[in-house]
Amino acid sequence: MTPRSPIVGAVELGGTKIIAAVGSGPGAGILARERFTTGDDPAQVLAQVTSWMQDASHRVGQVMAIGIASFGPLDLDPSSPTHGFITTTPKRGWAGTDLLAPFRHAFPSLPIALETDVNGAAIGECRWGAAQGLEDFIYVTVGTGIGGGAIVCGKPVHGLVHPEMGHIPMPRAEGDRFAGACAIHGRCWEGLCAGPAITARAGRPAEDLAADDPTWEAVTQSMGHALATMTLMLSPRRIIIGGSVRKAGQLGEAAFFDRCRLHLKAALAGYVDSPALRDEGLRSFVVPPMLGDDAGLCGAIALAQDS
Ligand code: ZN
């Protein structure tokens, strides 16, 4: 253990599963990890997580801090009386959950850092992955839902609350009658491109779709529109797309990214001029996460180390 990479506790809290780890970095740096089902009883599962972490801390190395990257929406305002709470989630049992209290109780002397799951993943990719050396980039996850974290001038954007990029409104392609799958907006980005939207449009899940299924064209076209919006709004130097949808069933990840890049280029129509947005540049402008499915967990490690 070097002073630059202390052993910490990390938690990635998702809508379906919670991953907890003790470690100092990606790969072999993760010394112990455990998976929990999120369920609808936060008090119970958070007690299991903190108890596992106390035990793991004794077994593999004393943790110096805790980092949590969680689904939201979250209250990230340190001056708010509900700082560290999950606020309005539709996920049963979790609205109004204080995420910090169980960890403060279990580890009373340790610093505890909290971020959104996507900002966490962005921080992980910045420290060890596809965004090393970049101060302005976006991490998007396209899975059960869609969320995006923006790093601007080296810091995650919180602003009023925190960005909710998955719910930006989307244009309707000519002839497309699909109503969209977002319970709130119908045809927002999440309502068109998240896993449940693909299942609703195609009648079967993304992983079972043939490479030539027309759903892929609709999905990657919408992805291109959304990526163009990100590019126009924040001028990122790179956009990382994580989550399960990018694996794209029988179409495959490489073809999915190629199509997203082409539709991004078409949507921008040459207006934003940069080598990064021309053919070769696009290959490193829109990329998968280098840390794979561990981006969020590694981000939680980085958050804890920075605290
Ligand atoms: Zn929506």
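Predicted model only: the values in this text are computed from it and were never measured.

Draft legend 1. Broad picture of the overall build of the protein chain. The helix and strand inventory of the protein chain stands at nine helices and ten strands. The C-alpha atoms of the protein chain give a radius of gyration of 19 Å, which matches the 19 Å a tight globule of 307 residues would have. Oriented by its inertia axes, the alpha-carbon framework of the protein chain measures out at about 60 × 40 × 40 Å. Here the protein chain holds 307 residues, and the buried ones make up 51% of them. For the protein chain, long-range pairs separated by at least 24 residues make up 62% of all intrachain contacts whose partners lie at least 6 apart in sequence. Carbon and sulfur atoms form 53% of the exposed surface of the protein chain, whose accessible area is close to 14000 Å². When the 24 positive and 30 negative side-chain charges of the protein chain are each reduced to one mean point, those points stand 3 Å apart.

Draft legend 2. Region of the structure containing the pairing of strand 6 (residues 137–142). Burial analysis of strand 6 places five of its six residues in the buried class, the great majority of the element. As paired strands, strand 6 and strand 7 (residues 146–152) are joined by six bridges and run antiparallel to one another. The partner of V142 across the bridge, within strand 7, is I146. Counting the residues in the hairpin turn of strand 6 and strand 7 gives three residues. Sheet analysis places strand 6 next to strand 9 (residues 239–242), joined by four bridges and oriented parallel. Paired with T141 across the strands is G242, a residue of strand 9.

Draft legend 3. Main features of the packing of aromatic side chains. Across all of its chains, the model carries three aromatic pairs by this definition. Here the aromatic rings of F71 and W94 are separated by 5.7 Å at their centres, their planes lie at 65 degrees, and the arrangement is edge-to-face. Of this pair, F71 sits in the loop between strand 4 (66–70) and helix 2 (100–106) while W94 sits in the loop between strand 4 and helix 2; the two residues are 23 residues apart in sequence, bridging distant segments of the chain. Judged by centre distance (6.2 Å) and plane angle (80 degrees), the ring pair of W216 and F256 falls under edge-to-face. Of the two residues, W216 is situated in helix 6 (residues 214–234) and F256 in helix 7 (residues 253–268); the sequence distance between them amounts to 40 residues.

Draft legend 4. Region of interest: the coordination of the zinc ion. Around the zinc ion, the protein supplies H167 (ND1), C182 (SG), H185 (ND1) and C188 (SG) as donor atoms, at distances of 2.1 to 2.4 Å. Of note, the zinc ion draws all its donor residues from one chain, in the sequence arrangement H-x14-C-x2-H-x2-C. Here H167 is found in the loop between strand 8 (155–156) and helix 4 (189–193), whereas its partner C188 is found in the loop between strand 8 and helix 4, with 21 residues between them in sequence. Given the relative accessible area of 1%, C188 is considered buried.

Conventions and cut-offs
Residues numbered from 1 in each chain as written. Predicted model: local features only at pLDDT ≥ 70, side-chain atom pairs only at ≥ 80, totals over all residues. Heavy atoms only, no water. Helix = DSSP H or I, 4+ residues; strand = E, 2+ residues; numbered from the N terminus. Rg over C-alpha atoms; globule rule 2.2 N^0.38 Å. Buried < 20%, exposed > 50% of the residue type's maximum accessible area, 1.4 Å probe, protein only. Contact = heavy atoms within 4.5 Å. Areas by Shrake-Rupley, 256 points an atom, 1.4 Å probe, with all protein chains shown as cover. Lys, Arg positive; Asp, Glu negative; His and termini not counted. Charge placed at Lys NZ, Arg CZ, Asp CG, Glu CD. Pairing = 2+ DSSP bridges. Phe/Tyr/Trp six-rings, centres within 6.5 Å; stacked < 30°, edge-to-face > 60°. Donors = N, O, S within 2.8 Å, 3.2 Å for Na, K, Ca; no water.

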